[in-house]
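Residue-level structural notes
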Amino acid sequence: MKRIIKYPVLFKLIAVLCLILIIPSCESLRKDPEFIGTWEFTERITSDEIVYNNTRTIILTKNTWEETYVIQRENSPSISAIIGTRGDLRYSHSKLIFELKELGTCTLDEMEICTGFVEWHGEGTGYWTDNEQFFRKTVEGQYEAGTTTLRLTRDLNDDSDFLDTGEDVTFEMI
């Protein structure tokens, strides 16, 4: 029987090298998760007979998240408050795990009026220390993403349900 390959060791080395080069390129063909993007949800809230518009914007990447709540009186251009949260993000097929790293609040101008920009505070800052008790450091959520909507269900107050305001939200892509 005649040998077709003259140098089998060299052939095996080239084959292994080709596989090593091909495998990472296949990884790059994987699609980004459907949840990646900037999403928004607006709701009206009434408190003491005053109507507020609450706009929640969440920005999701493969490994980070940022969520802001902008609260404005209805028919007013001025912002009453901004609450921000952001941190690291892990995910599986239908779950997102949010790990809180920073809290945000409205940046004030010289007249102590909210500018619309967020000032971020991490662990060790006074703002973090004063407010961390109101937030869970790790929150697991379920998501369903479409081309223009993202339904996000999270137990934000750790009461073992998703029935509270803001825990089952359908965002629109912006």
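Heads up: the structure comes first, above all this text.
Here's a quick rundown of the structure.

Attention now moves to the side chain of Glu43. Among the secondary structure elements, Glu43 is positioned in strand S1 (residues 37-47). Of the side chains with opposite charge, Arg56 lies nearest to the buried Glu43, which makes no salt bridge, at 5.1 Å.

Pairing analysis gives 5 bridges linking strand S7 (residues 138-145) to strand S8 (residues 149-154), with the strands arranged antiparallel. Following the sheet pairing, Gln142 is matched in S8 by Thr153. Hairpin connection, S7 to S8: the antiparallel pair is bridged by 3 residues. Note: S8 against strand S9 (residues 168-173), 5 bridges, orientation antiparallel. What sits directly across from Arg151, in S9, is Thr170.

Quick look at the pairing of strand S6 (residues 114-122) now. Both strand S5 (residues 95-108) and S6 contribute to a ladder of 6 bridges, which runs antiparallel. Bridged to Cys106 within S6 is Val118. Where S5 folds back on S6, the antiparallel hairpin that results is connected by 5 residues, among which Glu112 adopts a positive phi of roughly 65°.

Quick look at unusual backbone geometry now. In this model, Asn75 sits at a positive phi of 65°, which is unusual for a non-glycine residue. Its place among the elements puts Asn75 in the loop between strand S3 (64-73) and strand S4 (79-91). Accessibility expressed as a relative area gives 78% for Asn75, which makes it exposed. Despite not being glycine, Ser160 shows a phi value in the positive range, around 70°. Mapped onto the secondary structure, Ser160 falls in the loop between S8 and S9. Classification of Ser160 as exposed rests on a relative accessible area of 70%.

Ranked by size, the top nonpolar core spans 17 residues in total, and within it Leu60, Leu96 and Phe98 carry the most contacts. Looking at this core, the elements with two or more residues in it are strand S2 (50-60), S5, S7, S8 and S9. No other element matches the 4 residues that S5 contributes to this core.

Now for the environment of Ile82. Here Ile82 lies in strand S4. A C-alpha to C-alpha distance of 5.5 Å links Ile82 and Tyr69, two positions 13 residues apart in sequence. Ignoring anything within four residues of it in the chain, the contact list for Ile82 reads Tyr69, Val70, Gly104, Thr105, Cys106, Cys114, Gly116, Phe117 and Val118.

Our next topic: the packing of aromatic side chains. What characterises a pair of aromatic rings is the spacing of the ring centres plus the angle enclosed by the ring planes. Applying the stated rule across the entire model yields 4 aromatic pairs. Plain terms: the ring middles of Phe41 and Phe171 are 6.3 Å apart, the flat faces sit at 70° to each other, and that makes the pair edge-to-face. In this pair, Phe41 is assigned in strand S1 and Phe171 in strand S9, connecting sequence segments 130 residues apart. Looking at Phe171, the relative accessible area reads 0%, which means it is buried. Chaining the aromatic ring pairs together yields one cluster made of Phe35, Tyr91 and Tyr143. One cation-aromatic arrangement involves Arg154 over Phe98; the distance from NZ or CZ to the ring centre is 4.9 Å.

If you walk through the whole model with that rule in mind, you get 13 salt bridges. In this structure, Arg90 and Glu99 form a salt bridge, with 2.6 Å as the shortest nitrogen-oxygen distance. As a salt-bridge pair, Lys137 and Glu123 come within 3.8 Å of each other at their nearest N and O atoms. Residue Lys137 is located in the loop between helix H2 (126-131) and S7, and its partner Glu123 is located in the loop between S6 and H2; the two are separated by 14 residues in the primary sequence. Classification of Lys137 by relative accessible area gives partly exposed; the value is 37%. Residue Glu123 is classed as exposed on the basis of its relative accessible area, which comes to 55%. Through salt bridges that share partners, Arg56, Glu67 and Arg154 make up one connected network.

Basis of the calculations
Residues numbered from 1 in each chain as written. Predicted model: local features only at pLDDT ≥ 70, side-chain atom pairs only at ≥ 80, totals over all residues. Heavy atoms only, no water. Helix = DSSP H or I, 4+ residues; strand = E, 2+ residues; numbered from the N terminus. Buried < 20%, exposed > 50% of the residue type's maximum accessible area, 1.4 Å probe, protein only. Lys, Arg positive; Asp, Glu negative; His and termini not counted. Salt bridge = Lys/Arg side-chain N within 4 Å of Asp/Glu carboxyl O. Pairing = 2+ DSSP bridges. Core = buried A, V, L, I, M, F, W, Y, C linked by side-chain atoms within 4.5 Å. Contact = heavy atoms within 4.5 Å. Phe/Tyr/Trp six-rings, centres within 6.5 Å; stacked < 30°, edge-to-face > 60°. Lys NZ or Arg CZ within 6 Å of the ring centre and 35° of its normal.

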